[in-house]
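# Overview (structure and organization)
Letter by letter, the chains look like this.
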Amino acid sequence: MIKAIQKHGAKGIIMGIGRILRCHPFVRGGFDPVPDYFTVRRNKNPEGENKHV
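Counting restarts for each chain: residues are numbered from 1 in the order of the written sequence. The predicted nature of this model means local features are confined to residues of pLDDT at least 70 and side-chain atom pairs, given and counted, to a pLDDT of 80 or more, with totals for whole chains, interfaces and linings taken over all residues. Where side-chain values are given, they derive from all heavy atoms of the structure, hydrogens and water being excluded.

### Regarding the overall build of the protein
Convention followed: Secondary structure counts use DSSP, requiring at least four H or I residues in a row for a helix and at least two E residues in a row for a strand, with both numbered from the N terminus. A 1.4 Å probe rolled over the protein chains alone gives each residue an accessible area, and that area as a share of the maximum for its type sets the label: buried under 20%, exposed over 50%, partly exposed in between. Contacts between residues were defined by any pair of non-hydrogen atoms, one from each residue, lying within 4.5 Å. The method behind every accessible area is Shrake-Rupley, applied with a 1.4 Å probe, and residues are considered shielded solely by the protein chains displayed.
Within the protein, the regular secondary structure consists of two helices and zero strands. The buried share of the protein, reckoned over its 53 residues, is 23%. Within the protein, residue pairs in contact and separated by at least 24 positions form 29% of the contacts whose partners lie at least 6 positions apart. Surface accessibility of the protein: about 4,500 Å² in total, with carbon and sulfur atoms responsible for 61%.

Spelled out as structure tokens, the structure:
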């Protein structure tokens, strides 16, 4: 949440809360870095790879 706030300011609080709420046994885990754009959804492509190549 701290990285989201540092990167997105006040919007980062909302993003951080969403990220914390996804932290439970019924959500698939994995690496979920803070994206460069604001979104409350999970980063589907965390490595920046283009899967449509």
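That covers the picture; the talk isn't over yet.
### A closer look at the packing of aromatic side chains
We apply this condition: Only Phe, Tyr and Trp rings are paired, with Trp represented by its six-membered ring, and only when their centres lie within 6.5 Å; those with planes under 30 degrees apart are stacked, over 60 edge-to-face, the remainder tilted. Lysine NZ or arginine CZ positioned within 6 Å of the ring centre and within 35 degrees of the ring normal marks a charge as sitting over the ring.
Evaluated as defined, the whole model comprises zero aromatic pairs. In this structure, Lys-11 is placed above the aromatic ring of Phe-38, and the distance from its NZ or CZ to the ring centre is 5.4 Å.

### Quick notes on a nonpolar patch on the surface
Cut-off, in case you're wondering: Exposure above 30% relative accessible area and the lack of any salt bridge qualify a residue for a patch; like charges then connect within 9 Å, and the nonpolar side chains Val, Leu, Ile, Met, Phe, Trp and Tyr within 5 Å. For this document, the term salt bridge refers to a Lys or Arg side-chain nitrogen within 4 Å of an Asp or Glu carboxyl oxygen.
There is a patch of nonpolar side chains on the surface, built from Met-1, Ile-5, Ile-13, Ile-17, Ile-20 and Leu-21 and spanning about 540 Å² of accessible area. Tallying contributions element by element places helix α2 (residues 11-21) first for the nonpolar patch, with four residues. As for its position among the elements, Ile-5 is in helix α1 (residues 2-8). A relative accessible area of 36% places Ile-5 in the partly exposed class.

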